[in-house]
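Okay, here's what each chain looks like letter by letter:
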Amino acid sequence: MSIQSHDDFIQQERRRRLAAERLLAQKSNELLEANRQLATHADKLSYTVIEQREENATLAGENQKVLAHLDLATKQAGKAEQRLWDSLEAIGDGFAVYDRNWCLVAANRHYMRLFEGIEDVGLGAPYDLVLQVLMDEGLVDIGDANPDDWVDEMLARWENRPVQTTVIKLYNGRSIQLQDKVSSDGGMVSMCTDITESLEREAAMREARDAAEAANRAKSAFLAKMSHEIRTPMNGVVGMAELLLESELTNEDQIYAETIRSSGESLLVIINDILDFSKLEADKMEFRPEPMDLEVLLLELLRLSEASLDGKPVNLALHYPIMGQTGFITDQGKLRQVLTNLIGNAIKFMPEGHVTVDVDPGTPDAAGRSMVKITVRDSGIGIPDEMQAHIFGEFNQVEDEMNRKFEGTGLGLAITKGIVERLEGTLTVASDLGKGSHFTVTLPLEVDLRSSSPTALPPAPRTLALCGYHGPTAEFLTNELASLGVRVKTVTPDEIADLDTDAVFICTCLPEAVQIQISEVAPTDLPIICVGTHAHTPKQLAARCKAHLSWPTANADLRTVISAIQPRQPSQSDTAPLETLRMLAAEDNMINQFVFQKMLKAVEMDLTMVENGRHAVEAFLDLKPHIIFTDISMPEMDGMEAAREIRKLEAEHGLPQTPIIAMTAHAMEDDEDRIKAAGINHYLTKPFKKSALMDALHRFAPSEINLTQPDEG
């Protein structure tokens, strides 16, 4: 081999060795990387195994807790189920549960007691088999009914929704009430209750009630019979006593005959009360509705009641809205009896004072019925609060020192209340001990559409003065006449000579000397209308009267007289300027004060504006305003309290009542009642328009005041 060849061989071997070394290094690196990845994976796997072991341990603990809770819940459910069944076993009723296929799945011993010894009835027994066993064993008494029909009826009963309660009668006479209800899974829960004792008690109660009603009817029939039998001879006694009184008798014989007559009449009143009460108890009182005039009825009753005053200084008055509905349909006789009793009681329990009948005829509804309210007010002895319910009972009276001298059966108010309730109404009482009472009858009455409605007066300026009137009657007449556009003021007899009104109403209740004085000083062109009894009118005044109205006065007569009054023409010698209006206004709100003054800026007047009721009372006597406007809600003293204080000042100083108009944001019905009760003549509801304010001003300002508004230009 040549040297060259040898060198080449060595070079090749060297290259092979280097390639082998490089390959070895590469494989070594790959092996190292594989070992590193294997170690990393082994570490991760170790961590995963550890975590899984921990999770498995946690799950094992949770599983133990769940098993423990489940075991506890199972025990509690078992206890609850046991308590439920213990309760169902403890009750005296039968209880059973049927599945959706109507097979018995549970029942207490009271349910199963009826089937004791019968192997066919047990858990799993179908409902139709249970019914059939009841028939086959004769456990249920169905009378003459067909057993198969009875089973079909009972099965059909379970088909109905809801299942109707029924009662079956057992062979031993016991009555069982079946109450069944469908459960949420479609099954049936059945309750069987023994109601035998309950039925026996109800039967005994019915028998006792029937016996009591029969005894009550017998008692009422006896009372009615005896009342009628007693009335016949008593009519003879009273009639003969009256005839005897018309004959010539000595003074002693006159006293004897009068005693017989009055005693007989008292006995007849008692008999009538007993008869009416017996009719009410026996439900034999008949009611015959008929058209009637309520105002005429009340006028008749009050005029008849004057005869029972026996010289007592009691004033009777009727306050019926002058434009109110008067025609209604009801049992006039029964209503007369109710009102006669209430008015008679008011007079009976009052030595002196007044009895006033206030009427609110209501407003007809869509059915043509009005809720009519009639209130009989008196200023008598009053009734204690604790006795106000007592007086409506049978034979009940208020027993105290104040009324022991008043006789009676104690049946009057019981009869009155019974009649009112049968007329579908109510009777209530309110009283202030020592100051008086008022009884209110509220009745739903059908309006008589055939009766004529009051017609409005023809438009004409009228100013009237009232002399001799005070209190509620003066206020009522003022408000009612003002609603017709008549401006009214109350005057004293000393003011008659200077009156410039169109007419004056004189109450004949004034002393005779005062009436004669009025006839002498009244202007010759001043129409005088006398109101009251003719016998109380001296001939001097009667000669001056343009018209004479009885009292209480029918509204129709009052409207006729007013319609005939013509405005008086001022005499040519009368050059005295009209007086400037003096106005007192109380308002705490500055903005409302500004608005009020701006609304009246065209009226010539002396306006005094104060910020509360106390200041208005303090300013009243110094100003002697012609008219007062007042807010209701004000600090220190509100408008209603101020009105009451002003009315007291007027009474103390003998001043005529000043018209008071309230300005209020209160608009409820009870607010209106409270406002008027405070002595306020009229009220404007805020916000009000200028036209409403001017209407009130023209309506209530005195007639001698110039209210002409000059042009604002």
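Going by the structure above, here's the rest.
Residues numbered from 1 in each chain as written. Predicted model: local features only at pLDDT ≥ 70, side-chain atom pairs only at ≥ 80, totals over all residues. Heavy atoms only, no water.

Caption draft 1: Unusual backbone geometry, seen in detail. Between R161 and the following residue, P162, the backbone shows a cis peptide bond with an omega angle of -5°. The residue P162 is located in the loop between α4 (147–159) and β3 (166–169) in this model. Look at the link from W551 to P552: it is a cis peptide, with omega at 0°. Positionally, P552 belongs in the loop between β17 (545–549) and α13 (555–564). For E636, which is not a glycine, the phi torsion comes out positive at approximately 70°. Within the secondary structure, E636 is located in the loop between β20 (627–631) and α16 (639–653). (Helix = DSSP H or I, 4+ residues; strand = E, 2+ residues; numbered from the N terminus.)

Caption draft 2: Expanded view of the pairing of strand β4 (residues 175–182). Here β3 pairs with β4 via 4 bridges, running antiparallel. Counted as the bridge partner of I168 is I176 from β4. In this antiparallel pair of consecutive strands, β3 and β4, the connection spans 5 residues, and G173 shows a positive phi of 90°. Inspection of the sheet shows β4 paired to strand β5 (residues 188–194) by 7 bridges, in the antiparallel sense. In the strand pairing of β5, D180 is matched with S190. Here β4 folds back onto β5 in antiparallel fashion, the turn holding 5 residues, of which G186 has a positive phi close to 90°. (Pairing = 2+ DSSP bridges.)

Caption draft 3: Representation of the packing of aromatic side chains. By the definition in use, this model includes 8 aromatic pairs. Relative to Y127, the ring of Y98 has its centre 5.5 Å away and its plane inclined at 80°; by these criteria the two rings are edge-to-face. Placement of Y98 in strand β1 (residues 94–98) and of Y127 in helix α3 (residues 127–136) is noted, with a sequence separation of 29 residues between them. The residues Y98 and Y127 share a single accessibility class, namely buried. Aromatic ring contacts, followed pair by pair, group Y98, W102, Y127 and W158 into a single cluster. (Phe/Tyr/Trp six-rings, centres within 6.5 Å; stacked < 30°, edge-to-face > 60°. Buried < 20%, exposed > 50% of the residue type's maximum accessible area, 1.4 Å probe, protein only.)

Caption draft 4: A look at the nonpolar core. Core analysis: the biggest nonpolar cluster contains 42 residues, and L294 and V357 have the highest contact counts within it. Only α7 (294–305), β7 (314–319), α8 (332–348), β9 (353–360), β10 (369–378), α9 (412–422), β11 (426–432) and β12 (436–447) provide two or more residues apiece to this core. For L294, the contacting residues outside a window of four places in its chain are Y320, T326, F328, L335, V359, V372 and I374. (Core = buried A, V, L, I, M, F, W, Y, C linked by side-chain atoms within 4.5 Å. Contact = heavy atoms within 4.5 Å.)

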